[in-house]
Amino acid sequence: MKIEDVDLADAMEQSKNPETGHAVVCFHDPSLQSCRNFSAILGEMKDSSLHVFRVDVTLEPELQSKFPAEQLPALYFFSQGLPMGRKPVFKTSAEFRSWLKFLDGLC
């Protein structure tokens, strides 16, 4: 798994690139426990070929109104540059893997 901390513009550009393959844009606030928990889930998925583009909403104030704290982390899945789905929060890596497998089947 490749995790990159990027701004919104870079996240959208890279996730919409068909050469990226499967990608998730993750909007997060590193001060929130839910976001730290999800970072731990990502750490459990080292074997995945998924690209994760993480956007810190605290660095881009216009995003804070779009993504209130209770909705973070917010995840958007892209496959071959096309948006495939959105999901707010996962409790376990198994739940995250299950969602990715489901979306991969739609691609």
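Relevant structure appears above.
Residues numbered from 1 in each chain as written. Predicted model: local features only at pLDDT ≥ 70, side-chain atom pairs only at ≥ 80, totals over all residues. Heavy atoms only, no water.

1. Let's talk about the environment of arginine 86
Stage number 1. Turning to its location among the elements, arginine 86 is positioned in strand 5 (residues 82-87).
Stage number 2. Overall, arginine 86 belongs to the partly exposed group, its relative accessible area being 36%.
Stage number 3. Linking arginine 86 and proline 61, residues 25 residues apart in sequence, is a C-alpha distance of 21 Å.
Stage number 4. The contact partners of arginine 86, leaving out residues within four places of it in the chain, are Phe67, Gln71, Ala74, Leu75, Tyr76 and Trp99.
Stage number 5. Polar side-chain contacts of arginine 86 include one of 2.7 Å to the side chain of tyrosine 76. (Helix = DSSP H or I, 4+ residues; strand = E, 2+ residues; numbered from the N terminus. Buried < 20%, exposed > 50% of the residue type's maximum accessible area, 1.4 Å probe, protein only. Contact = heavy atoms within 4.5 Å. Polar contact = N/O pair within 3.5 Å; in protein donor to acceptor, adjacent residues only side chain to side chain.)

2. Notes on the sheet that holds strand 3 (residues 51-56)
Stage number 1. On the basis of which strands lie adjacent, the open sheet formed by five strands has the order 1-3-2-4-5 and mixed pairing. Edge positions in the sheet fall to strand 1 (2-5) and strand 5, since each of these pairs with one other strand and no more. This sheet shows a mean twist of 20° between the axes of neighbouring strands, independent of strand direction.
Stage number 2. Sheet topology places strand 1 next to strand 3; four bridges connect them, and they run parallel. Of the residues in strand 3, the one forming a bridge with isoleucine 3 is valine 52.
Stage number 3. Contacts from helix 1 (residues 8-15) reach strand 1, strand 2 (22-28), strand 3 and strand 4 (74-79) within the one sheet, and its direction differs from that of strand 3 by about 160°. (Pairing = 2+ DSSP bridges. Axes fitted to C-alpha atoms, helices over the stretch in contact; angles between N-to-C directions.)

3. Some thoughts on the side chain of glutamate 60
Stage number 1. The topology assignment puts glutamate 60 in the loop between strand 3 and helix 3 (61-66).
Stage number 2. Lysine 66 provides the closest opposite charge to the buried, salt-bridge-free glutamate 60, at an N-O distance of 9.0 Å.
Stage number 3. Leave out the neighbours within four places in its chain, and glutamate 60 touches Asp7, Leu8 and Val55. (Lys, Arg positive; Asp, Glu negative; His and termini not counted. Salt bridge = Lys/Arg side-chain N within 4 Å of Asp/Glu carboxyl O.)

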